[in-house]
Each structure stands twice: as C-alpha cells, then as structure tokens.
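Survey of secondary and tertiary structure
What follows is each chain in one-letter form.
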Amino acid sequence: MSPSVSPTGSQTRRDRILHLATTTGLASVEELSQHFGVTASTIRRDLARLTADGRLARTYGGAMALTAHPEASLRQRTGEAFEAKRAIARRAAAEIGAGETVLLDAGSTVGALAHELRSAKELTVATTGLTALQELSDVASVHVECLGGTLRPLSQGFVGPLTEAALERMTFDRVFLGTDGISPEHGICEADLRQTRLKELMARRAERVYVLAHAGKLGRRPFHAWASLPAGWTLITDTDADAAIVDELRRREVDVVLVEPGV
C-alpha cells in the first residue's frame, strides 16, 4: 500500500462508494474518480475490494449494488424536507380552480397537496394514494373518487390493471404526480415499473401535468424504472434545487416553478 493512502481513508471512501451506488446509482469509474478526487486506478482497486467482500457487483466500467436501493416507506418519507413539501403543496393548490376535477398520485408531497385541498369548494378529486383519501375523506365539499387496484404497502398507493382500467373512464383538468427522483435525461424515477407505467397513463388523461418534488430529488436516480418528463409539463420544486439541473429542464421546455421553503 502506498504510504500516502491511509487504511482509514480508503475504508471511508469505500463506504461512501457503496452508499452512492445504493442511493443514487453513481457507480462508474469515471464519475467516482471525479467525485472523490482520486485516480481511476484507485477507484478500480476500491471496487475490486468491495466486490471481493461481496458488497458490490462489477459491471463494465464500474459497479452496481448487489441489492436494489432500499425503497423508503411513505411513513419514513413524510418528515423528509417537510417545509419544502408544504411550500410546494401550497403552490400546487393555487393552480386548482373551483369546480375542477383533479387527479392525485400517491406520495408524501402529493399527500401534502391533499391536505391543502381540505378547504376547497366544489372540487372533484380522484386519487391512487391512501394519504389523499385519508386527508379528504371527511371533507363534504370535495367529491372523492378512489382508483383502486393492488396496494403497494411501501408507497401506500394503488397500481395495476384495475387502477389502469378505472383511469380509462375519467378525464381530468390537472394531474399531480410524485416521484423518487428526477433526471433531465431520463425523466421521472420510480422503484417499480408498474408505477412508471401508471404515471404515464395518468398524464395522458389530464389537460395539465404537474410533478411535485423537493430539491433533494433533482438529479437522484435511485432506481431503474423511468417515465418520461416531456416538454410542456410543470415541475414544482423549491429554491434549493440545483441550478444546472433547473436550467437543463427549462432548456428541454419543462416549466420549472421554484418556491421558497417555509413561505
């Protein structure tokens, strides 16, 4: 071992490489070399050690986690970026007019939007999420439609053919989608292909499409299931969002609305 590299420093870097590989998908030799400011050879040695220890699987040009990224439950995510989610929800609610019919996805940020809609008048809300159902179940001025199907316990949302069949019978003025991550190149990231398919179907049934995501989700790619994020959609996020990612999304003609957390 080179005297300039301490075992502690190497172990810390390897632990961080494993964390990145399992949370953001950052696992190519080139990306890791730039991220940690070390040579590609050093990264290859780290990956070889992690592979030998059974913690990573080598791929062409890098490595990947042996297990899928552990999807956080809705309960775990509810407290994450709480103030940003509230601000995003308030801004999203301001888009909705009286008498409209809107479609709400599952997820914590869209659930926060449902909470904001408790004071709405003459509104029809259809949803695939249990959180939205719970928020609006006792609001007399909001007519609620549940798009049932197969319940995913982690996301507390319905997916599958029954949900898709229910969607075919309705159209909406607006749909509000959640996401686990956003990439300008790939679109909306989810843990499950059923979720990405459902989001695409939901978007097709609405005149206006909104994606609600706090700044920490921009640039994240924790899973390998994607739905498109095309020109003309609106992303509502907070002012902590990476400026370069915001600029790239706007270059691709995605309307990006920035809100101030806590306002």
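Here is a short report on the structure shown in this document. Every value quoted in this text rests on a predicted model; they were computed, and no experiment measured them. Throughout, a residue's number is its position along its own chain's written sequence, starting from 1. Residue-level local features of this predicted model are given only where pLDDT is at least 70; pairs of side-chain atoms are given and counted only at 80 or more, and the full residue set underlies all totals for whole chains, interfaces and linings. Excluding hydrogens and water, the side-chain values take into account all heavy atoms of the structure.

1. Digging into helix H2 (residues 29–36)
Under the scheme applied here, a residue whose accessible area is under 20% of the maximum for its type counts as buried, over 50% as exposed, and between as partly exposed, the area being computed with a 1.4 Å probe on protein chains only. Strands here mean DSSP runs of E at least two residues long; helices mean DSSP runs of H or I at least four residues long; both are numbered from the N terminus. By the burial criterion, the buried members of H2 are Val29, Leu32, Ser33 and Phe36. Viewed along the axis of H2, the buried residues span an arc of 100 degrees, placing them on a single side of the element. Exposed and oriented more than 90 degrees from the buried face of H2 are Glu30 and Gln34. Looking one or two residues past H2, Gly37 carries a phi angle of roughly 70 degrees, positive in sign. Arc definition: it is the arc formed by the directions from the helix axis to the C-beta atoms.

2. What about the side chain of Glu190?
Structurally, Glu190 can be placed in strand E10 (residues 187–190). Using a relative accessible area of 4% as the deciding quantity, one classes Glu190 as buried. Between N or O atoms, a polar contact is any pair within 3.5 Å; within protein, one atom must be a potential hydrogen donor and the other a potential acceptor, and residues adjacent in sequence are included only when both atoms are from side chains. For Glu190, the side chain forms a polar contact with the side chain of Gln195, separated by 3.5 Å. In this analysis, two residues are considered to be in contact whenever any of their non-hydrogen atoms come within 4.5 Å of each other. Every residue in contact with Glu190, bar those within four places of it in the chain, is listed here: Gly178, Thr179, Asp180, Gln195, Thr196, Lys199, Phe223, His224 and Ala225.

3. Side note on the sheet that holds strand E3 (residues 101–104)
For two strands to pair, DSSP has to find at least two bridges joining them. Strand order across the open sheet formed by seven strands is E5-E4-E3-E8-E11-E13-E14, with parallel pairing between neighbours. Here the strands that pair on one side only, and so sit at the sheet edges, are strand E5 (142–146) and strand E14 (255–259). Direction aside, the axes of adjacent strands within the sheet are offset by 20 degrees on average. Of the pairings in the sheet, the one linking strand E11 (residues 206–212) to strand E13 (residues 234–238) comprises three bridges and is parallel in character. Along E13, the bridge assignment pairs Tyr210 with Thr234. The axes are straight lines fitted to the C-alpha atoms, using for helices just the contacting stretch, and the angles between their N-to-C directions are given from 0 to 180°.

4. Quick word on unusual backbone geometry
Positive phi values are uncommon outside glycine, yet Glu122 reaches one of about 50 degrees. Locating Glu122 in the fold gives a position in the loop between helix H6 (108–116) and strand E4 (123–127). Note on Glu122: relative accessible area 62%, which makes it exposed. Non-glycine residue Glu253 carries a positive phi angle of around 70 degrees.

5. Points about the packing of helix H5 (residues 82–93) against H6
Two elements in contact, H5 and H6, have axes separated by 8 Å at closest approach and are oriented at 55 degrees. The orientation of H5 with respect to H6, classified from their angle, is oblique. Considering the relative orientation of H5 and H6, their crossing is right-handed. Judged by residue contacts, Lys85, Ile88, Ala89, Arg90, Ala92 and Ala93 of H5 engage Ser108, Thr109, Ala112, Leu113 and Glu116 from H6. Classifying every residue of the contact of H5 with H6 by side-chain character gives six nonpolar, two polar and three charged. Any angle that falls under 35 degrees is termed roughly parallel, while one over 145 is termed roughly antiparallel, one within 65 to 115 roughly perpendicular, and all others oblique. By the definition used in this description, the sense in which the near helix is turned from the far one sets the handedness, with an anticlockwise turn below a right angle giving left-handed and a clockwise turn giving right-handed. Each residue is assigned to one of three groups, with Ala, Val, Leu, Ile, Met, Phe, Trp, Tyr, Cys and Pro labelled nonpolar, Asp, Glu, Lys and Arg labelled charged, and all others, Gly among them, labelled polar.

6. Side note on the pairing of E14
Direction of pairing for E13 relative to E14: parallel, over a ladder of five bridges. Residue pairing across strands places Thr237 opposite Leu258, the latter belonging to E14. Assignment of crossover handedness uses the view with strands pointing away from the viewer, where a clockwise path from the first strand over the helix to the second indicates a right-handed crossover. Regarding topology, helix H10 (residues 243–251) serves as the crossover connection from E13 to the parallel E14, and that connection is right-handed.

7. A short note on the environment of Leu198
Here Leu198 lies in helix H9 (residues 193–204). Taking the C-alpha atoms as reference points, Leu198 and Asp105, 93 residues apart in sequence, are found 9.4 Å from one another. Not counting residues up to four positions away in its chain, the partners in contact with Leu198 are Thr128, Phe158, Val159, Thr163, Glu164 and Leu167.

8. Section: the packing of aromatic side chains
Only the six-membered ring of Trp is used, alongside the rings of Phe and Tyr, when aromatic pairs are assigned; centres must lie within 6.5 Å, and planes under 30 degrees apart are stacked while those over 60 apart are edge-to-face, with the rest tilted. With the rule as written, the count across this model stands at one aromatic pair. Where Phe176 meets Tyr210, the ring centres are 4.7 Å apart and the plane angle is 15 degrees; that geometry is what we call stacked. Of this pair, Phe176 sits in strand E8 (residues 172–177) while Tyr210 sits in strand E11, and the two are 34 residues apart along the sequence. Owing to a relative accessible area of 1%, Tyr210 belongs among the buried residues under this scheme.

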